[in-house]
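# Structure assessment
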Amino acid sequence: MSEHVRDRLSAYLDQELLSAERTAVETHLQGCDGCRQHLETLAVVDAAARALPVEAPPGYFDALPGRVRARLERPGARARGVPLRLPAWTWAAAVVASWL
């Protein structure tokens, strides 16, 4: 049996694989129940995430560059490795946007 392809299933689902790699994943899926079930689970999660309503507050994206710039320009922010703190809903929006 060939090596499992779980690490490539997300890219496969998003149609990001090159033709040869896509064919290799499809061939593997024909004989591997575990990877096929994992792909089905990913597809369910993907569909659920796409169905989530994601709306930014008015003007959020217009002001985003300025907010990011201000955080990066704070004295010592880069030197200390201060992470950007964004509202929790922005991470959900980023995940959904990456799947579109």
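Structural notes, computed from the coordinates. (Residues numbered from 1 in each chain as written. Predicted model: local features only at pLDDT ≥ 70, side-chain atom pairs only at ≥ 80, totals over all residues. Heavy atoms only, no water.)

Of the regular secondary structure elements, the protein chain holds 6 helices and 0 strands. Counting helices and strands in the order they occur from the N terminus, the protein chain gives α-α-α-α-α-α. Expressed as a percentage of its 100 residues, the buried residues of the protein chain come to 19%. Surface accessibility of the protein chain: about 7400 Å² in total, with carbon and sulfur atoms responsible for 59%. (Helix = DSSP H or I, 4+ residues; strand = E, 2+ residues; numbered from the N terminus. Buried < 20%, exposed > 50% of the residue type's maximum accessible area, 1.4 Å probe, protein only. Areas by Shrake-Rupley, 256 points an atom, 1.4 Å probe, with all protein chains shown as cover.)

Taken residue by residue, helix α1 (residues 6-13) has Leu9, Ala11 and Tyr12 as its buried positions. In this structure, the buried side of α1 is in contact with α2 (19-31) and α3 (33-51). Following α1 by one or two positions, Gln15 has its phi on the positive side, about 55 degrees. (Contact = heavy atoms within 4.5 Å.)

On to the pattern of salt bridges. Taken as a whole and judged by the stated rule, the model has 5 salt bridges. As a salt-bridge pair, Glu21 and Arg8 come within 3.4 Å of each other at their nearest N and O atoms. Of this pair, Glu21 sits in helix α2 while Arg8 sits in helix α1, placing them 13 residues apart in sequence. Judged by its relative accessible area of 23%, Arg8 falls in the partly exposed class. The partner of Arg36 in a salt bridge is Asp33, and the shortest N-O contact between them spans 2.0 Å. Here the residue Arg36 and the residue Asp33 both occupy positions in helix α3, the gap between them amounting to 3 residues, near one helical turn. (Salt bridge = Lys/Arg side-chain N within 4 Å of Asp/Glu carboxyl O.)

A word on the nonpolar core. Core analysis: the biggest nonpolar cluster contains 10 residues, these being Val5, Leu9, Ala11, Tyr12, Leu17, Val25, Leu29, Cys32, Cys35 and Leu39. If you list the elements that add at least two residues to this core, you get α1, α2 and α3. Considering every element that reaches this core, the biggest residue donor is α1, with 3 residues. Leave out the neighbours within four places in its chain, and Leu9 touches Val25, Leu29, Cys35, His38, Leu39 and Leu42. (Core = buried A, V, L, I, M, F, W, Y, C linked by side-chain atoms within 4.5 Å.)

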